[in-house]
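Coordinate analysis (summary)
Spelled out, the chains give:
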Amino acid sequence: VVEKRLLNDGISRLDIGREAFIEKTQEWKDEYEAPVEIQVRDWKLPDTMTPIDFGMPRVIRSTFKHLYIRLIKEPINAYGKS
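What you see is a predicted model, and the numbers here were worked out from it, not measured in a lab.

As a further point, take the pattern of salt bridges. Counted by the stated rule, this structure contains 3 salt bridges. A salt bridge links Arg13 to Glu3, with the shortest nitrogen-to-oxygen separation between them at 3.1 Å. In this pair, Arg13 sits in helix 2 (residues 13–16) while Glu3 sits in helix 1 (residues 2–8), placing the two residues 10 residues apart along the sequence. Between Arg5 and Glu31 there is a salt bridge; the shortest N-O distance is 3.4 Å. On the criterion of sequence distance, the pair formed by Arg5 in helix 1 and Glu31 in helix 3 (residues 18–42) is long-range, its members being 26 residues apart. Residue Arg5 is classed as partly exposed on the basis of its relative accessible area, which comes to 34%.

Right under this line is the structure:
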């Protein structure tokens, strides 16, 4: 997102250097962190998911892993036939 913003301004992240890019990234985080937290709160997710995690939260990751393993062991027949 930050890199796209820079490119829209005709600037490359390589042009501004690492420290300036980190500063721009922090500015983006500061701008969007509160709205994202509000959206997450409005979704009424479990307390274990309230910290902002831009990856896959632990609860979902664990559930996904269990379902994935189950699907590997017991594939679903899409046509309803055994």
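The next subject is a negative patch on the surface. There is a patch of like negative charges on the surface, built from Glu19, Glu23, Glu27 and Asp30. For Glu23, the position within the fold is in helix 3. Residue classification places Glu23 among the exposed positions, given a relative accessible area of 51%.

Let us look at the environment of Arg13. Using a relative accessible area of 36% as the deciding quantity, one classes Arg13 as partly exposed. Separated by 11 residues in the primary sequence, Arg13 and Lys24 have C-alpha atoms spaced 9.6 Å apart. Among all residues touching Arg13, those that are not within four sequence positions of it are Glu3, Leu6 and Phe21.

So, about the packing of aromatic side chains. Any two aromatic rings considered together are summarised by their centre-to-centre distance and by the angle between their planes. What the rule picks out here adds up to 1 aromatic pair. On the basis of an interplanar angle of 35° and a centroid distance of 5.3 Å, the ring pair of Trp28 and Tyr32 is categorised as tilted. Of this pair, Trp28 and Tyr32 are both found in helix 3, 4 residues apart, which corresponds to roughly one turn of the helix. When its relative accessible area of 22% is taken as the criterion, Trp28 is described as partly exposed. We classify Tyr32 as partly exposed; its relative accessible area is 33%.

Quick notes on the rules
- Residues numbered from 1 in each chain as written.
- Predicted model: local features only at pLDDT ≥ 70, side-chain atom pairs only at ≥ 80, totals over all residues.
- Heavy atoms only, no water.
- Salt bridge = Lys/Arg side-chain N within 4 Å of Asp/Glu carboxyl O.
- Helix = DSSP H or I, 4+ residues; strand = E, 2+ residues; numbered from the N terminus.
- Buried < 20%, exposed > 50% of the residue type's maximum accessible area, 1.4 Å probe, protein only.
- Patch = residues over 30% accessible without salt bridge, like charges linked within 9 Å, V, L, I, M, F, W, Y side chains within 5 Å.
- Areas by Shrake-Rupley, 256 points an atom, 1.4 Å probe, with all protein chains shown as cover.
- Lys, Arg positive; Asp, Glu negative; His and termini not counted.
- Charge placed at Lys NZ, Arg CZ, Asp CG, Glu CD.
- Contact = heavy atoms within 4.5 Å.
- Phe/Tyr/Trp six-rings, centres within 6.5 Å; stacked < 30°, edge-to-face > 60°.

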